[in-house]
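A structural walkthrough
What follows is the residue order along each chain.
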Amino acid sequence: MTSTTRTLKVEGLRKLVEELRARGFTVIAPTVRDGAIVNAPIESIDQLPRGVGDQQDAAHYRLTERADGAYFGYAAGAQSMKPVLFPAEELLWRGKRDAAGAFTVQPASNEGGPYALLGVRGCDLKAIHIHDAVLTSRGFSDAHYAARRAGALLISVTCGSPAGTCFCASVGTGPRPSEGYDLSLTEVIKGSSHTFVVAVGTERGAEIMDALGASTASEAEMAAADDIAKDAALNMGRELNTDGLKYLMYANAESSHWDDVASRCLSCTNCTLVCPTCFCTSVEDVSDLTGQEASRHRVWDSCFSEDFSYIHGGSVRESPRSRYRQWITHKLASWEDQFGMTGCVGCGRCITWCPVGIDITAEAAALRGTPSKARK
Amino acid sequence: MTSTVSRSGAVAADPMVPRTFTLLSTHADTRDTFTLELEPTDGVRLEFRAGQFTMLSAFGIGEVPISISGSPIEDGPLIHTIRSVGGVSNAIVTSAPGTQLGVRGPFGTSWDVTDAKGGDVVIITGGIGLAPLRPAILELLAERDQYNRVVLLYGARTPEDILFGDEMRKWADRLGMTVEVTVDNGPHGWKGRVGFVTQLISRASFDPAQTIALVCGPEVMMRASANELRQRGVPAGKIRLSMERNMKCGIGLCGHCQLREHFICADGPILTYEVLAPLMQKWEL
Ligand SMILES: Cc1cc2nc3c(=O)[nH]c(=O)nc-3n(C[C@H](O)[C@H](O)[C@H](O)COP(=O)(O)OP(=O)(O)OC[C@H]3O[C@@H](n4cnc5c(N)ncnc54)[C@H](O)[C@@H]3O)c2cc1C
Ligand code: SF4
Ligand code: SF4
Ligand code: FES
């Protein structure tokens, strides 16, 4: 932390959004759309889901009302910030071909941004840093992600009201992020007092706080924020035992449990679409009717589809059980070998949005041979 | 190579954007396999190591991984040998000379055949699998006296499917390579061997303690070959296999080619049997 903790009142939060917009940022924040929390561009804090909470469980998601008028009183929404920095479809290049068969390639440039991401959960913040490792830290980088990411400002929030599918505390990513943000808010509501305790993570964040004239947080305000994080950590709906998880997964590659999962899994790909760390993509070529103009697009893909592993003669992972095993093994085990970190940030989305309620924490517990903690 | 990012949001040096190469010629090797010579439109030769591949695209149709089959040590065009099996490969092999194709790469690991200097080299392959090995063969034959025995065991479905037949004869007759060819199905009049290439391993002449083995083919064939080699006493760490997986990027980003913790495009395609054995033994990994 490069600076002292600050506080903002509701008016301060309003000014923060105005300041970010004045600095040229597109502010992306939680909003309500179609009965769910959805990240979208906002112009003012009036578009935040004020007084909205949520209820989540396996295959269950519902918004609720909160009497306290909290701005960030819900857990992980349907999507993380993944679609902002790593959109589901990205133009890579366009090309034109002449009659002789020669063609020229025009690389795509990025439109939109720079982005200020406001209200990023601890789980989703970690997921961004995981994507940094996956997409920009090795031999080759995703140039579009890198460009968007370089300009992005990250403002996280402490999750004060975790949902029934949350388990960030087990994997150490929340409920209050400890690093990796420019600013990190904890919303504290006590009677008529409504404040945001703001931890400052970077010089850039400090400078914005200075510009807003944010006051230094008092001991009492900081203690109140600590309590919110502590309480939330005790209120996680689920738990994942990470002890020796990699070895557990590798050792169980041929467990009969995969047949059990396969009897329930629909291979619908929902889990991979909502997962903030899943990064698999495909490319699609599109050409016009004359065949003289074409473009190539990078699109999200999923290891749950049969085509994903197709090679001439057949798919490597033909059976649904092998595809579920690939997904969970990648998240909880091989990710560690690949990137030195786990691929699951405990957001619980795959549990909430699975139509048949398959639960990553329960499947891992079943492989371990222990009952899982599902709050019901 | 990492990409540079400019503040304006422009994307520089995107490794997903291909270079263009002009097709100089296409030669039919067999009824379904063709060797293509390609020249970079920007004049910059594509340097590569034996065993590496490119992501090759037909404009507006698609992009597929194809190994380089030319010489890594001699100057010349980019050479690919392609079996037409579906949409993209067919569009590439039927392109008219003068057509431009998209090329990204080279990507992936190498056969590193020069490690075998002073010892024996056994090459086991079948069908189109000879194409990715040709650069390694050319590399070692160029310094033939640096190696002891050099053995090529090659299998094809039928005599008509034998790839680089004339060249194999030259390697055997003039360049000091032992070449054994077998076919799965021999018609009347075929005087050569009939049977699977893996059956040639037990009788082949090499010193298992001083051998590097290079294997490329369908996974069942590679597993059987590796088992035979192990039985002969070749250490698993000296058996190199070229793995085939679906590949959409070639650079470790799309996730398609994963074999548990390995990105086959970047950590492979060539990996040792020591690394692969425990993974190849599990179903549908
Ligand atoms: C590292 C590597 C090197 C290769 N080198 C050669 C070579 O030198 N010569 C050669 O003829 N072939 C080679 N192949 C196989 C070649 O990539 C496939 O034959 C080709 O992708 C088939 O595409 P298609 O559209 O013509 O066929 P379809 O059967 O129509 O395939 C549809 C799609 O599935 C994927 N796909 C299908 N088969 C394969 C496959 N075997 N490997 C990876 N993706 C596949 C591709 O994305 C393809 O577009 C190599 C594969 C890999 C992984
Ligand atoms: S695997 Fe499930 S809980 Fe873990 S990060 Fe992905 S969606 Fe969230
Ligand atoms: S779990 Fe599946 S879709 Fe997600 S990153 Fe891993 S391989 Fe890709
Ligand atoms: S081909 Fe994309 S990660 Fe290997």
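This is a predicted model, so every value here is computed, not measured.

For the rest of this paragraph, the subject is the overall build of chain A. A count of helical and extended segments in chain A gives 13 helices and 16 strands. A compact globule built from 376 residues would reach a C-alpha radius of gyration of about 21 Å, and chain A, at 22 Å, matches this within 12%. Its C-alpha atoms give chain A principal-axis dimensions of about 65 × 60 × 35 Å. The proportion of buried residues among the 376 residues of chain A is 58%. Here the analysis covers contacts within chain A between residues at least 6 apart in sequence; of these, 70% occur between residues at least 24 apart. When the accessible surface of chain A is split by element, carbon and sulfur atoms take 50% of a total near 14,900 Å². Measuring between centres, the 38 positive side-chain charges of chain A sit 2 Å from its 45 negative side-chain charges.

Two side chains carrying opposite charge are able to pair once their charged atoms lie near each other. Inspection of every chain in the model, using the stated rule, returns 39 salt bridges over all chains. Taking the shortest distance from any N to any O, the salt bridge between Arg298 of chain A and Asp142 of chain A comes out at 3.3 Å. Pair noted here: Arg298 of chain A is in strand E14 (residues 293–300) and Asp142 of chain A is in the loop between helix H3 (122–136) and helix H4 (143–151), with a separation of 156 residues, a long-range link. Asp142 of chain A sits in the buried class, given a relative accessible area of 8%. Measuring nitrogen to oxygen at the nearest pair gives 3.2 Å for the salt bridge that ties Glu160 of chain B to Arg31 of chain B. Here the residue Glu160 of chain B occupies a position in the loop between strand E8 (150–156) and helix H3 (165–174), and Arg31 of chain B occupies one in the loop between strand E1 (19–28) and strand E2 (33–40), the gap between them amounting to 129 residues. For Glu160 of chain B, a relative accessible area of 55% puts it in the exposed group. Here the salt bridges do not stand alone but share partners, grouping Arg31, Asp32, Arg83, Arg157, Glu160 and Asp161 of chain B into one network.

Attention shifts here to the site of ligand 2. Residues and elements named next belong to chain A. Close contacts around ligand 2 come from 13 residues, with Cys275, Cys344, Cys347, Gly348 and Cys350 the closest. Counting residues per element, the ones that place at least two in the shell around ligand 2 are helix H11 (320–339) and helix H12 (349–352). When its residues are assigned to classes, the shell around ligand 2 shows 9 nonpolar, 2 polar and 2 charged.

Near ligand 1 you find 22 residues, and of these His312 of chain A together with Pro65, Arg83, Ser89 and Glu244 of chain B are the closest. At ligand 1, the nearby residues belong to more than one chain, namely chains A and B. Between ligand 1 and Pro65 of chain B there is a distance of 2.7 Å, counted from an oxygen atom to a backbone nitrogen or oxygen. At a separation of 3.0 Å, a nitrogen atom of ligand 1 approaches a polar backbone atom of Ser67 of chain B. Burial of ligand 1 by the surrounding chains reaches 87%, relative to a free accessible area of 820 Å². The set of elements that each furnish at least two residues to the shell around ligand 1 consists of strand E15 (310–311) of chain A together with strand E4 (62–67), strand E5 (78–83) and helix H1 (87–93) of chain B. The biggest single contributor to the shell around ligand 1 is E4 of chain B, with 4 residues. Its residues assigned to classes, the shell around ligand 1 shows 11 nonpolar, 7 polar and 4 charged.

As a further point, take empty space enclosed by the protein. Residue and element names in this part refer to chain A. Inspection of the entire model under this criterion finds 9 cavities of 30 Å³ or more. For the largest cavity, the calculated volume is near 150 Å³. Around the largest cavity sit 17 residues that line it, and Cys265, Cys271, Tyr324, Cys354 and Ile358 are the ones nearest its centre. Partitioning the lining of the largest cavity into residue classes produces 13 nonpolar, 3 polar and 1 charged. In this structure, the second largest cavity occupies an estimated 120 Å³ of space.

Right, let's talk about the sheet that holds E1 of chain B for a bit. Each strand in a sheet pairs with another by means of backbone hydrogen bonds, the pair being arranged parallel or else antiparallel. Residues and elements named next belong to chain B. Strand order in the open sheet made by the 6 strands is E4-E3-E6-E1-E2-E5, with antiparallel pairing throughout. Across the chains shown, the open sheet's two edge strands, defined by having one partner strand only, are E4 and E5. Each strand axis lies, on average, 40° off the axis of its neighbour in the sheet, ignoring direction. Both E1 and strand E6 (residues 100–107) contribute to a ladder of 4 bridges, which runs antiparallel.

Residue and element names in this part refer to chain A. The domain architecture assigned to chain A consists of domain 1 (6–93 + 109–237) and domain 2 (245–374). One C-alpha centre belongs to domain 1, the other to domain 2; they are set 26 Å apart. If you look at the interface, domain 1 gives 39 residues, while domain 2 gives 37 residues. The three residues of domain 1 that bury the most area against domain 2 are Lys82, Trp93 and Phe167, which together make up 18% of that side's buried surface. Applying the counting criterion to the domain 1 and domain 2 interface returns 3 salt bridges. Between the two partners, domain 1 and domain 2, sit 26 residue pairs in polar contact (both at pLDDT 80 or more). At the level of elements, strand E4 (52–57), strand E5 (60–65), helix H2 (82–85), strand E6 (89–97), H3 and helix H5 (168–171) are the ones that each hand at least two residues to the side of domain 1 that touches domain 2. With 8 residues, H3 is the largest single contributor of residues to the side of domain 1 that touches domain 2. Classifying every residue of the side of domain 1 that touches domain 2 gives 22 nonpolar, 9 polar and 8 charged.

Rules used in this analysis
Residues numbered from 1 in each chain as written. Chains lettered and ligands numbered in written order. Predicted model: local features only at pLDDT ≥ 70, side-chain atom pairs only at ≥ 80, totals over all residues. Heavy atoms only, no water. Helix = DSSP H or I, 4+ residues; strand = E, 2+ residues; numbered from the N terminus. Rg over C-alpha atoms; globule rule 2.2 N^0.38 Å. Buried < 20%, exposed > 50% of the residue type's maximum accessible area, 1.4 Å probe, protein only. Contact = heavy atoms within 4.5 Å. Areas by Shrake-Rupley, 256 points an atom, 1.4 Å probe, with all protein chains shown as cover. Lys, Arg positive; Asp, Glu negative; His and termini not counted. Charge placed at Lys NZ, Arg CZ, Asp CG, Glu CD. Salt bridge = Lys/Arg side-chain N within 4 Å of Asp/Glu carboxyl O. Near = heavy atom within 4 Å. Nonpolar A, V, L, I, M, F, W, Y, C, P; charged D, E, K, R; others polar. Polar contact = N/O pair within 3.5 Å; in protein donor to acceptor, adjacent residues only side chain to side chain. 1 Å grid on protein atoms, 1.4 Å probe; cavity = no way out; pocket = protein on both sides within 12 Å on 5 of 7 lines; lining within 4 Å. Points joined across faces, edges and corners; volume = space filled by probe spheres on them. Pairing = 2+ DSSP bridges. Axes fitted to C-alpha atoms, helices over the stretch in contact; angles between N-to-C directions. Domains from an automatic or database assignment. Buried area = accessible area lost by both parts, 1.4 Å probe.

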